[in-house]
Amino acid sequence: CFMRKNVINYLPDLVEASFNNDNNSLEAVILSIIRLLAKEDDTKKVAEVLSKLLSKHQAGLYDQKLTRFNQENNDFEGIEAYVYRKRPVKTLDDLILNRDTLNHIDDIIISYRNRKKLDDLGIKLSQKIILNGNPGTGKSSIGEALAYELELDFLLVNVPTLFSSYLGDSGKTITSLFKSLSSKKAVIVFDEFDSIAVSRSSRNDVGEMRRIVNSVLTSLDAWEGEGLIIATTNDKENLDSAVWRRFDEKIDISLPDKQNRLKLWDKYSKNQLTRDELLILTNLSDGFSPAEIEIYSQQGLRLKVIKGKNPFLTILTQLTFPKLEVDQKQFIVQHLKENYPNLTTRDIGELMNISKSSVQRYLKELTKDG
């Protein structure tokens, strides 16, 4: 089918990026493949798996620079081999989030900084926070920014890998993990928390899963650590309701709106795009996550440096054009024709996934209007 043909066309780029250790190109190609696979019902599951792998990569869980605790701390061994320390570099100012989310994060920071005052008044500090949102919406980055702002260590727990290794003894593993982390003055991010806190009424429920969830409940209730627990999920509907209630703060991280998409394209393109180009990409990227916008922008900048390619055209060739209003198509056609005279009507049609005759018609209509 047409979709599979398009995916196959990406394979040479995927192999080349992998052999050249070109992370930006690799992420961009994988992202394009994910978007193609997600369009078909029979390949949506594969798209979800790839999306989770890419999300882990972006969170730093495959980063060689991360430090495993058991390599440098004698009190960490066994299960703590799946706990990583990362030096926080992202600040709150680096994140582009909607106003409601920013207010939540600000409240958490202010509360933690005033924890002694709250404790003296017998007011409970919000230390257990769960973030729900699509992959790439910045959940792990929020944890990193909290660690930076509060001058705490930043720890990442690779939950799925941990529990696939200890299947059969996961209840005990949960208890040991929380106990060992309770003494750490850190922001502790539990990646893909839904993998250990799935609803106990799930169709795939087995006795092992019930024991895991019960251990999670007990561990969350008993938590008296100095740091913050940040659990991330993109599947809160399947999260056990009792686990959900154990968190002090529950924050939904939405995809960026039009205004924030414009800010993200501007930020990640490093002033290499015109105002019209920013507006075009903003309209074409409805439903994109911040991570996706960053990946495509980085690819555009990279190819400008090493091959002299135009960043806007590079980004445009990687995007799948959504259904647009006629005036939006006309605007893009006009921009391409006026600013890139070397592009033929056929080139523009292929770029926008419309026919050559449609391009010619739009240009004629614009001439008439002019």
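Provided above is the structure to which this section pertains.
Residues numbered from 1 in each chain as written. Predicted model: local features only at pLDDT ≥ 70, side-chain atom pairs only at ≥ 80, totals over all residues. Heavy atoms only, no water.

Student: Hey, could you go over helix H5 (residues 99-113) for me, with residue numbers and the actual values?
Tutor: For H5, with 15 residues, the first-to-last C-alpha span of 21 Å sits near the 21 Å given by 1.5 Å per residue. All buried positions along H5 are accounted for by Thr-101, Leu-102, Ile-105, Ile-108, Ile-109 and Tyr-112. All buried residues of H5 lie within an arc of 120 degrees about the axis, which places them on one face of the element. Across from the buried face of H5, at angles greater than 90 degrees, the exposed residues are Arg-99 and Asp-100. Looking at the buried side of H5, the elements it contacts are helix H6 (115-120), strand S3 (128-133), helix H7 (139-150), strand S6 (228-233) and strand S7 (249-253). (Helix = DSSP H or I, 4+ residues; strand = E, 2+ residues; numbered from the N terminus. Expected span 1.5 Å × (residues − 1). Buried < 20%, exposed > 50% of the residue type's maximum accessible area, 1.4 Å probe, protein only. Arc of directions from axis to C-beta. Contact = heavy atoms within 4.5 Å.)

Student: Please give an account of the nonpolar core that cites residues and values.
Tutor: Counting residues in each nonpolar core, the largest one holds 44 residues, and the members touching the most others are Phe-312, Leu-316 and Leu-336. Sort the elements by how many residues they give to this core and helix H3 (residues 23-37) lands first, with 7 residues. In this view, Leu-316 contacts Ile-280, Leu-281, Leu-284, Phe-321, Leu-336 and Leu-351; residues no more than four positions away in its chain are not counted. Among the nonpolar cores identified, the runner-up in size contains 28 residues, and Phe-193, Val-216, Leu-220 and Trp-244 belong to it. (Core = buried A, V, L, I, M, F, W, Y, C linked by side-chain atoms within 4.5 Å.)

Student: Tell me about the side chain of Ser-141, and please be specific about residues and values.
Tutor: Summarising the element assignment, Ser-141 is placed in helix H7. Exposure remark for Ser-141: the relative accessible area of 14% places this residue in the buried category.

Student: Give me the pattern of salt bridges: which residues, what numbers.
Tutor: Going through the model one piece at a time under the given rule, you end up with 8 salt bridges. Across the pair Asp-120 and Lys-116 runs a salt bridge whose closest N-O atoms are separated by 3.3 Å. Of the two residues, Asp-120 and Lys-116 are both situated in helix H6; the distance of 4 residues between them amounts to about one turn of the helix. By relative accessible area, Asp-120 is classed as exposed at 55%. Take Lys-116: its relative accessible area is 60%, and that puts it in the exposed class. With a shortest N-O distance of 3.5 Å, Asp-286 and Arg-261 are connected by a salt bridge. In this pair, Asp-286 is assigned in the loop between helix H13 (275-284) and helix H14 (290-307) and Arg-261 in helix H12 (residues 258-268), connecting sequence segments 25 residues apart. The class of Asp-286 is exposed, set by a relative accessible area of 59%. (Salt bridge = Lys/Arg side-chain N within 4 Å of Asp/Glu carboxyl O.)

Student: Let's hear about the packing of aromatic side chains: which residues, and what values?
Tutor: Given two aromatic rings, their pairing is described by the distance between the two centres and the angle made by the two planes. Per the counting criterion, the structure on display carries 6 aromatic pairs. Taking 5.9 Å as the distance between ring centres and 80 degrees as the angle between the ring planes, the aromatic pair formed by Phe-190 and Phe-193 counts as edge-to-face. Measuring from ring centre to ring centre gives 5.7 Å for Phe-193 and Phe-247, while their planes differ by 85 degrees; the resulting arrangement is edge-to-face. Residue Phe-193 is located in the loop between strand S5 (186-191) and helix H10 (207-222), and its partner Phe-247 is located in the loop between helix H11 (241-245) and S7; the two are separated by 54 residues in the primary sequence. Of the two residues examined, Phe-193 and Phe-247, each falls in the buried class. One aromatic cluster is present, built from ring pairs that chain together Phe-178, Phe-190, Phe-193, Trp-223 and Phe-247. (Phe/Tyr/Trp six-rings, centres within 6.5 Å; stacked < 30°, edge-to-face > 60°.)

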